[in-house]
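# Analysis of the macromolecular model
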Amino acid sequence: MEPVLRINNLQVTYYTDAGRARALDGVSLTLNAGEKLGLVGESGSGKSTMALAMMHMIKPPGRIEEGQVIVGDTDLTTLTKEEMLKARLEKITYIPQGAMNSLNPVMRIGAQMVDAIKAHYKSPSKAEMAEMSMDSLESVDLDRSVFKMYPHELSGGMKQRVCIAIGILLKPQVIIADEPTSALDVVTQRQVMETIDRVQETLGAAIILIGHDMGLMAQFVDKVAVMYTGRLMELSTVREMFTNPQHPYAQALISSLPSLDNKGVFQGIPGLAPALLRLPSGCAFHPRCQHTTEICTTMLPRLEQMEGGRMVACHLYTEQV
Amino acid sequence: MPELLEFRNVTKTFFRRGWFTTQPGTTALNNLSLKVNESNSTILTVAGESGSGKTTLAMLLLGFITPTSGQILYRGKDINSLKGAERMIFRREVQAVFQDPFAVFNPFYHVDHLLSVPIKRFKLAHSKKEMREKMFEALSAVGLHPQDILGRFPHQLSGGQRQRINVARALLLRPKILVADEPVSMVDASLRANILEVLSSLKKDYGVTIIYITHDLTTAYHISKSIIVLYRGTVMEAGDVDTVINAPQHPYTRLLIDSIPWPDLNRRWGETEIKAEEAELGENNGGCKFLSRCPFATKKCKTPPPLYLMSDLQAASCYLFDQNAQIESERLSELLPV
Ligand SMILES: Nc1ncnc2c1ncn2[C@@H]1O[C@H](COP(=O)(O)OP(=O)(O)OP(=O)(O)O)[C@@H](O)[C@H]1O
Ligand SMILES: Nc1ncnc2c1ncn2[C@@H]1O[C@H](COP(=O)(O)OP(=O)(O)OP(=O)(O)O)[C@@H](O)[C@H]1O
Ligand code: SF4
Ligand SMILES: [Mg+2]
Ligand SMILES: [Mg+2]
């Protein structure tokens, strides 16, 4: 099967007053149509940066330094500004973190959807655009009448659905959803995720779900990618990740999860996530790791393929020369 | 001695003003009575789905909005008539951390500003140096590197970073009551544990009572002692957190608990079907608020059910339990262990 998405060695730097922060450092991965990937990692590990980089939406002081994002057979990194504008929504779409709060409060939902379409087609008729929008609303389980409503007339779950409807207006092949349900309650969350599931099935798209709710990941995705300081630490199937994580950081993450059996135990990961401006030498996780050896402090572990196709970046698993 | 905080039959109704009419609106909170004692600090969860009135409760408690009926007392005095020094004390002793870390920040000010304003306002430091120390201490307590955070603008911080700054800000003031409205919903799992631990130790070490508002029953279970489950402004179930979460009785609480996405591959997500989305339903005035979504509804449910006792520390507002003894809503606090 041809992968629908290929990311090669993507790198992003933020040029801040205090120095250069490498927020995304050489991330590579591939995704097939119909696959669901969960992108997890501590706050500030670069998840949103990765999504923005894939969309070519990194703004100064940030810059994409290197890398390719290939959707189908189009290398997005070679596109002109206008071409990229078209590719967004048509090939790849991004539902940003906090999207539902950024709906324009004084514009009807329909007008906001039509605006999004206009950016892509020169002259579809008004009726045509309205039709497309209402179809899209329907596909996320909203009533067609939502087209005429204002954001304040909708509940959080409905607003989030509207954002998804806008994202999938032009039937993209890759959908990136950045924390789509973190502001919603569990019941609504379940309903929204069921909708995303159905939309994906209809479009046959690949999904990247960004978040930190490991419970949601366990229930929804096929593969999990764990990020730390802008690098991929582990990429494996959801089953492998939850039953037998390999990277010490992934292991710590999994054991920090709450269950009904360990009430009152807050097993966070000891130590602090390092500041991007002062990354530790070698493996960035080494100061917090329980398996650190000499080599971890001096050499950056490469992301290596292990048995069964899972990828891990840790010296514990590299053959020492 | 008066209670530290008391809600007396508090109701809040929002009226919808149309172009020509004022329609009877949403009852966001319905006849809530609650007491918080100063000598027994506790962590109380207020849970419920979107629109259940959790934030309304927080806003009322903070005095940002006034009740439509009923009273909210702080140290025996109505919070909406506090003046001068008493008002300052209330403002300092009751702190909040809000749901949306993207909303509270003024984009034009540094993080420093956010933290220094309360220090100055409540005269918590006597020198620049002391002020800086206080900021460093609070930021470190929530797992941030002060040297990287101070001097930054909000847009240069991630969602989780912003939320921790909010907790740090509340920490600075050493409050008596901390209202935490979804404080960790935008924070990742490992830090979530850290922040919850910070909140827990606030209670333990400084005797702060925490009103933990959330729809996340897993964290509620871990951090709190007691729980109130709201649906459309009305208490559905209340009691000891262990009992309510391990053995939920009200059909609504059961639905909530069934919808938790457990980080466990063998425990699949909600088998119970969800009947319609909340926002799609009209007000069913008069009856049980959960009526239109309840699979067990009968004719009786058209009048509002009282609270029925399951045990000393658990009650549910549902006719399925009408063979049990009742408890008046004014005595809600008796169900909540501290
Ligand atoms: N515009 C910017 N200028 C400078 N630094 C930035 C900017 N945007 C993000 N960063 C930094 O880049 C790093 C990655 O941020 P990013 O928003 O990608 O994290 P994230 O993994 O999405 O976190 P969260 O889970 O909190 O949303 C963080 O250290 C952040 O402070
Ligand atoms: N200022 C207002 N004007 C009109 N209605 C309001 C206002 N504030 C809240 N409401 C309504 O009151 C009800 C309760 O809202 P509230 O914000 O308290 O819910 P919540 O439990 O905090 O929900 P969430 O989990 O989404 O934060 C909702 O139906 C809401 O639409
Ligand atoms: S490379 Fe070393 S320090 Fe890094 S996670 Fe593996 S064992 Fe730990
Ligand atoms: Mg993010
Ligand atoms: Mg709220």
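Since the model is a prediction, treat every value here as computed from it, not as a measurement.

Each value, and the rule that gives it
Residues numbered from 1 in each chain as written. Chains lettered and ligands numbered in written order. Predicted model: local features only at pLDDT ≥ 70, side-chain atom pairs only at ≥ 80, totals over all residues. Heavy atoms only, no water. Helix = DSSP H or I, 4+ residues; strand = E, 2+ residues; numbered from the N terminus. Buried < 20%, exposed > 50% of the residue type's maximum accessible area, 1.4 Å probe, protein only. Contact = heavy atoms within 4.5 Å. Areas by Shrake-Rupley, 256 points an atom, 1.4 Å probe, with all protein chains shown as cover. Donors = N, O, S within 2.8 Å, 3.2 Å for Na, K, Ca; no water. Buried area = accessible area lost by both parts, 1.4 Å probe. Salt bridge = Lys/Arg side-chain N within 4 Å of Asp/Glu carboxyl O. Polar contact = N/O pair within 3.5 Å; in protein donor to acceptor, adjacent residues only side chain to side chain. Nonpolar A, V, L, I, M, F, W, Y, C, P; charged D, E, K, R; others polar. Near = heavy atom within 4 Å. Core = buried A, V, L, I, M, F, W, Y, C linked by side-chain atoms within 4.5 Å. Phe/Tyr/Trp six-rings, centres within 6.5 Å; stacked < 30°, edge-to-face > 60°. Lys NZ or Arg CZ within 6 Å of the ring centre and 35° of its normal. 1 Å grid on protein atoms, 1.4 Å probe; cavity = no way out; pocket = protein on both sides within 12 Å on 5 of 7 lines; lining within 4 Å. Points joined across faces, edges and corners; volume = space filled by probe spheres on them. pLDDT = per-residue confidence, 0-100. Pairing = 2+ DSSP bridges.

Take the overall build of chain B next. In terms of helices and strands, chain B carries 10 helices and 13 strands. Taking all 338 residues of chain B together, 56% fall into the buried category. Sequence separation of at least 24 residues holds for 64% of the intrachain contacts in chain B that already meet a minimum separation of 6. With an accessible surface of roughly 14700 Å², chain B has 52% of that area assigned to carbon and sulfur atoms.

The subject of this paragraph is the coordination of the magnesium ion (ligand 4). On the protein side, the magnesium ion (ligand 4) has S48 of chain A (OG) and Q97 of chain A (OE1) as donor atoms, found 2.0 to 2.3 Å from it. Here Q97 of chain A lies in the loop between β6 (92-95) and α3 (109-118) and S48 of chain A lies in helix α1 (residues 47-54), a separation of 49 residues in the sequence.

Right, let's get into the interface of chain A and chain B. Many structure descriptions define interface size as the accessible area lost when the parts assemble. The interface is formed by 51 residues belonging to chain A together with 58 residues belonging to chain B. Together, the buried faces of chain A and chain B total about 4600 Å²; carbon and sulfur atoms form 58% of this surface. Among the residues chain A hides against chain B, the three largest losses belong to R190, Q219 and F266 of chain A. Together they make up 19% of the total. Counting every contact that joins chain A to chain B gives 1 salt bridge. R278 of chain A serves as the salt-bridge partner of D148 of chain B, at 3.2 Å between the closest nitrogen and oxygen. Applying the counting rule to chain A against chain B returns 3 residue pairs in polar contact (both at pLDDT 80 or more). Secondary structure elements with two or more residues in the side of chain A that touches chain B: α5 (156-167), α6 (186-203), α7 (214-220) and α8 (238-243) of chain A. Per-element accounting of the side of chain A that touches chain B gives the leading share, 7 residues, to α6 of chain A. Tallied by class, the residues present in the side of chain A that touches chain B amount to 22 nonpolar, 21 polar and 8 charged.

Glancing now at the site of ligand 1. Taken together, 21 residues are adjacent to ligand 1, and S43, G44, K47, S48 and T49 of chain A come closest. At the site occupied by ligand 1, nearby residues are drawn from chains A and B. Within the contact set of ligand 1, an oxygen atom lies 3.2 Å away from a backbone nitrogen or oxygen of S45 of chain A. Looking at the shell around ligand 1, the elements that each hand over two or more residues are β1 (3-16) and α1 of chain A together with α6 (159-172) of chain B.

The subject of this paragraph is the nonpolar core. Residue and element names in this part refer to chain A. Within the largest apolar cluster, 65 residues are counted, with the highest numbers of intra-cluster contacts made by L137, V146, V162, L209, V226 and F242. Sorting elements by how many residues they give to this core places α5 first, with 6 residues. Excluding residues within four positions of it along the chain, V226 makes contact with V40, R231, L232, M233, E234, M241, Y249, A250 and L253.

As a rule of thumb, non-glycine residues mostly have phi less than zero, and peptide bonds are mostly trans rather than cis. Residues and elements named next belong to chain A. Here the bond from P60 into P61 is cis, since omega is 10°, no more than 30 degrees from zero. Tracing the backbone shows P61 in the loop between α1 and β4 (62-71). Unlike most non-glycine residues, L89 shows phi in positive territory, near 80°. By secondary structure assignment, the location of L89 is in helix α2 (residues 81-90). Here the phi dihedral of K171 falls at roughly 50°; this positive angle occurs in a residue that is not glycine. Within the fold, K171 resides in the loop between α5 and β7 (174-178).

Considering all chains together, one arrives at 8 aromatic pairs over all chains under this definition. These aromatic residues form a ring-pair network of at least three members: Y228, Y249 and F285 of chain A. Over the ring of F220 of chain A we find K36 of chain A, and its NZ or CZ is 5.2 Å from the ring centre. Lying across the ring of Y206 of chain B, R174 of chain B places its NZ or CZ 4.3 Å from the centre.

Our focus in this paragraph is the site of ligand 2. Residues and elements named next belong to chain B. As a structural note, the neighbourhood of ligand 2 is formed by 12 residues, with S50, G51, K54, T55 and T56 the closest of them. G51 places a main-chain nitrogen or oxygen 2.7 Å from an oxygen atom of ligand 2. A distance of 3.1 Å separates an oxygen atom of ligand 2 from a polar backbone atom of S52. Every element with two or more residues in the shell around ligand 2 is listed here: β2 (22-36) and α1 (54-61). With 3 residues, α1 is the largest single contributor of residues to the shell around ligand 2.

On to the pattern of salt bridges, then. Applying the stated rule across the entire model yields 28 salt bridges over all chains. In this structure, D135 of chain A engages R144 of chain A in a salt bridge whose closest nitrogen and oxygen atoms are separated by 3.2 Å. Residue R144 of chain A is classed as partly exposed on the basis of its relative accessible area, which comes to 24%. For the salt bridge of R331 of chain B with E328 of chain B, the shortest nitrogen-to-oxygen distance reads 3.6 Å. Overall, E328 of chain B belongs to the partly exposed group, its relative accessible area being 42%.

What follows deals with empty space enclosed by the protein. Within the structure shown, the criterion is met by 7 cavities of 30 Å³ or more. Looking at the largest cavity, its volume works out to about 540 Å³. Considering the residues around the largest cavity, the lining is formed by 41 residues, among which D213 of chain A together with R192, D216, T218 and T219 of chain B are closest to the centre. For the lining of the largest cavity, the elements supplying multiple residues, two or more each, are α6 and α7 of chain A together with α7 (189-206), β8 (209-214) and α8 (217-223) of chain B.

Per-chain confidence: chain B averages 86 in pLDDT, with 88% of residues scoring 70 or above. The ipTM assigned to the predicted complex is 0.78, against a pTM of 0.80.

This part covers the side chain of Q246 of chain A. Residue and element names in this part refer to chain A. Positionally, Q246 belongs in the loop between α8 and α9 (248-255). Given a relative accessible area of 13%, Q246 falls into the buried group. Reaching out from Q246, the side chain makes a polar contact with the backbone oxygen of N244 at a distance of 3.3 Å. Every residue in contact with Q246, bar those within four places of it in the chain, is listed here: E234, Q251, M306, R310, V312 and Y317.

Okay, the sheet that holds β4 of chain A next. Residues and elements named next belong to chain A. What the 4 strands build is an open sheet, ordered β2-β1-β4-β5; its pairing is antiparallel. Strands with a single pairing partner mark the edges of an open sheet, and in this sheet they are β2 (19-32) and β5 (74-75). Relative to β4, β1 runs antiparallel, the two being bridged by 8 bridges. Bridging across to β4, N8 finds its partner in Q68.

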